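Understanding the architecture of this molecule
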Amino acid sequence: MAQNKHALSRLYSYFKIAITGTEQDFTSGSIRRAIFMLSVPMVLEMMMESIFFLVDAYYVSSLGANAIATVGLTESVLTLVYAIAIGLSMGVTAIVARRVGENDIIGASQAAIQSIFLGIAVAILISIIGILFPKEILGLMGAKSDLIADGYGYTQILLGGNITIMLLFLINAVFRGAGDASVAMRVLIFSNLLNIILDPMFIFGFGPIPAFGVQGAAIATTIGRGSAVIFQLLILFYGWSTIKVGFKDIVFRASVMLNLVKVSLGGIGQFIIGTSSWVFLMRIMAEFGSEVLAGYTIAIRVLMFTLMPSWGMSNAAATLVGQNLGAAKPDRAEKSVWKIGKYNAYFMLVVSVFYLAFAEVIIQIFSHEALVIEYGALSLRIIAAGYVFYAYGMVIIQSFNGAGDTKTPTIINFFCFWVFQLPFAYFAALIFDWGVLGVLLAITFAEVMIAVIGIIWFRKGRWKAVKV
């Protein structure tokens, strides 16, 4: 009894340290402790990111299938923005982690500033397209005229304000690379609290604020994320983290920028491949009507809630690999990856069993329409069936990225998504008439392939020799 009490007390102590971020040396000592200290805030951070989706889905679902479908179609387009943001953030995390492992804090700070410059430039281009052509974008995704008329404002605001998404990802990537995962977590907690408060106010109206409907969800989310970016910049400039920048650092450094772009291109490439595949899958789903699309959209948002914690553990692997390679400890980096993969698989196994058992009950939280529930539950079950494979796949892919080897995951994604997944989904769903099941099987089979191929490639160990 006393022994159990001591273990719980020690676990609480570790949890407190992880949340406050007081421990930042992950290149020595217990690997298990390092994983815990990084994973806890990163998992919470990713859960905060997924809550954006769930909160929007919950409130928007009361506006009908068209509103949910609008959110789904827009989010599928936004995945291309996420692809660029996450791809850039991979390069940022890899470089910052490597510099921190080398005790080069000035180099890490310079990389942080150049990433912000790059993010702003990319976001401006996307904003112009989003503001000018929201109706055309929804039309390309297969939306019907009534859906476009009702929902284009949502698309316009989210794409037009994508700079909040871009900078939120990039600056948090700086914090993660430096080992300041608790800072990134606190930023997203702040952002989510704002979104939860503002969502119903802008969707349904509150006092002088009119009811904007589905467009209100986009306004609330953009304000929430924008406020978080301001919070991030204050942390960076006032030195409340390992990385501190001053106004004297706000200069263009060509060599640092080129290195960042070089490392990030692979990350952008792999996520462009993956997310464009999701866009095409959403386009195929649109062929089966708004109810099917709404069910699929809800299922994806629910799945994201548990994929994000798994992604958080994968981010911990990226930071540990980067910092330990910087400290010339490749064996410690490899051991960290296998341990995180195992813990991630345990977590995902429990979640998949829960989804398989309670799929209909979960979808009913968001909708009471029979077809939406039927296809949402089917989507939840088929995709969750491969969760254990996803667990290892995400950790392995992020480990390559943390090492600065963004080329290898790009090749894996190209083969599994474009060569296999898209043709399989098209022929199975539309040619062989398997319908929605064909698309869902394509998703699960492709993710299993990524895990298997990734593990085989990781064992070769070439990632240990990558220089950034």
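Treat the numbers as computed from the prediction; the structure is a model and nothing was measured.

Calculation notes
Residues numbered from 1 in each chain as written. Predicted model: local features only at pLDDT ≥ 70, side-chain atom pairs only at ≥ 80, totals over all residues. Heavy atoms only, no water. Helix = DSSP H or I, 4+ residues; strand = E, 2+ residues; numbered from the N terminus. Rg over C-alpha atoms; globule rule 2.2 N^0.38 Å. Buried < 20%, exposed > 50% of the residue type's maximum accessible area, 1.4 Å probe, protein only. Salt bridge = Lys/Arg side-chain N within 4 Å of Asp/Glu carboxyl O. Patch = residues over 30% accessible without salt bridge, like charges linked within 9 Å, V, L, I, M, F, W, Y side chains within 5 Å. Areas by Shrake-Rupley, 256 points an atom, 1.4 Å probe, with all protein chains shown as cover. 1 Å grid on protein atoms, 1.4 Å probe; cavity = no way out; pocket = protein on both sides within 12 Å on 5 of 7 lines; lining within 4 Å. Points joined across faces, edges and corners; volume = space filled by probe spheres on them. Nonpolar A, V, L, I, M, F, W, Y, C, P; charged D, E, K, R; others polar. Polar contact = N/O pair within 3.5 Å; in protein donor to acceptor, adjacent residues only side chain to side chain. Contact = heavy atoms within 4.5 Å. Phe/Tyr/Trp six-rings, centres within 6.5 Å; stacked < 30°, edge-to-face > 60°. Lys NZ or Arg CZ within 6 Å of the ring centre and 35° of its normal. Core = buried A, V, L, I, M, F, W, Y, C linked by side-chain atoms within 4.5 Å.

**Some thoughts on the overall build of the protein**
Helices and strands together make up the secondary structure of the protein, namely 16 helices and zero strands. Taken against the 2.2 N^0.38 rule, which gives 23 Å for 468 residues, the C-alpha radius of gyration of the protein at 21 Å falls within 12% of a compact globule. Overall, the C-alpha framework of the protein stretches about 55 × 50 × 45 Å when taken along its three principal axes. Here the protein holds 468 residues, and the buried ones make up 60% of them.

**Some points on the pattern of salt bridges**
In the structure shown here, the tally under the stated rule is six salt bridges. For the salt bridge of Arg 99 with Glu 102, the shortest nitrogen-to-oxygen distance reads 3.0 Å. Asp 331 is the partner of Lys 464 in a salt bridge, and the nearest nitrogen-oxygen pair spans 3.9 Å. With a gap of 133 residues between them, Lys 464 in the segment after helix 16 (436-459) and Asp 331 in helix 12 (residues 330-364) connect regions that are remote in the sequence. Overall, the relative accessible area of 29% leaves Lys 464 in the partly exposed class. One salt-bridge network, in which partners are shared between bridges, spans Asp 331, Glu 334 and Lys 464.

**Topic: a nonpolar patch on the surface**
The grouping of Ile 120, Ile 124, Ile 128, Ile 129, Ile 131, Leu 132, Phe 133 and Ile 163 at the surface amounts to a nonpolar patch, some 680 Å² of accessible area in total. Looking at the nonpolar patch, the element that brings in the most residues is helix 4 (residues 105-132), giving six residues. Locating Ile 131 in the fold gives a position in helix 4. Since its relative accessible area comes to 44%, Ile 131 is described here as partly exposed.

**What to know about empty space enclosed by the protein**
Scanning the entire structure with this criterion turns up five cavities of 30 Å³ or more. The calculated volume of the largest cavity comes to roughly 1,000 Å³. Taken together, 37 residues form the lining of the largest cavity, with Phe 271, Thr 275, Trp 278, Met 304 and Leu 307 sitting closest to its centre. Among the residues making up the lining of the largest cavity, the classes are represented as 24 nonpolar, nine polar and four charged. One number sums up the size of the second largest cavity: a volume of about 110 Å³. Taken together, 13 residues line the second largest cavity, and the ones lying closest to its centre are Ser 89, Thr 93, Arg 176, Asn 315 and Gln 398. Counting residues per element, the ones that place at least two in the lining of the second largest cavity are helix 3 (65-101), helix 7 (163-177), helix 11 (290-326) and helix 14 (387-402). For the lining of the second largest cavity, the element with the highest residue contribution is helix 3, accounting for four residues. When the residues that make up the lining of the second largest cavity are grouped by side-chain class, the tally is six nonpolar, six polar and one charged.

**Some details on the side chain of Arg 99**
Residue placement: Arg 99 occurs in helix 3. Among the polar contacts listed, one links the side chain of Arg 99 to the side chain of Glu 102, at a separation of 3.0 Å. Residues in contact with Arg 99, not counting those within four places in the same chain, are Asp 104, Gly 107, Ala 108, Asn 259 and Val 468.

**A few points about the layout of surface pockets**
In this structure, the second largest pocket encloses a volume near 180 Å³. Along the walls of the second largest pocket sit Arg 32, Ile 35, Phe 36, Ser 39, Val 40, Val 43, Met 313 and Tyr 343, which together make up its complete lining. It is helix 2 (residues 31-60) that provides the largest number of residues to the lining of the second largest pocket, a total of six residues.

**Some details on the packing of aromatic side chains**
Under the definition given, this model contains 16 aromatic pairs. Geometrically, the ring pair formed by Phe 237 and Phe 247 is tilted, given 5.3 Å between the ring centres and 35 degrees between the ring planes. One end of the pair, Phe 237, is in helix 9 (residues 214-238); the other, Phe 247, is in the loop between helix 9 and helix 10 (254-285), with ten residues separating them in the sequence. Overall, the relative accessible area of 23% leaves Phe 237 in the partly exposed class. For Phe 247, a relative accessible area of 71% gives the class exposed. Through pairs of rings, three or more aromatic residues link up here, namely Phe 354, Tyr 355, Phe 358, Tyr 387 and Tyr 390. The lysine or arginine in question, Lys 135, covers the ring of Tyr 152, its NZ or CZ lying 4.6 Å from the ring centre.

**A few points about the environment of Phe 52**
When you line up the elements, Phe 52 lands in helix 2. Here the alpha-carbon distance between Phe 52 and Thr 221, two residues 169 residues apart in the chain, equals 7.3 Å.

**Some remarks on the nonpolar core**
It is characteristic of soluble globular proteins that their nonpolar side chains tend to be buried jointly. By size, the foremost hydrophobic cluster in this structure holds 124 residues, and its most contacted members are Met 166, Ile 243, Tyr 355 and Leu 380. Take this core: its biggest share by element is 21 residues, from helix 3. Discounting residues that sit within four places of it in the chain, Ile 243 has contacts with Val 96, Val 100, Ala 108, Ser 109, Ala 112, Val 174, Ala 178, Asp 180 and Leu 236. By size, the runner-up hydrophobic cluster in this structure holds 24 residues, among which are Ile 35, Val 395, Phe 400 and Ala 403.

**As for unusual backbone geometry**
Within the chain, Asn 103 stands out as a residue other than glycine whose phi angle is a positive 65 degrees. Secondary-structure assignment places Asn 103 in the loop between helix 3 and helix 4. Residue Asp 433 is not a glycine yet carries a positive backbone phi of 60 degrees. Here Asp 433 falls in the exposed class, since its relative accessible area comes to 66%.

So yeah, pure geometry; function would need other evidence.
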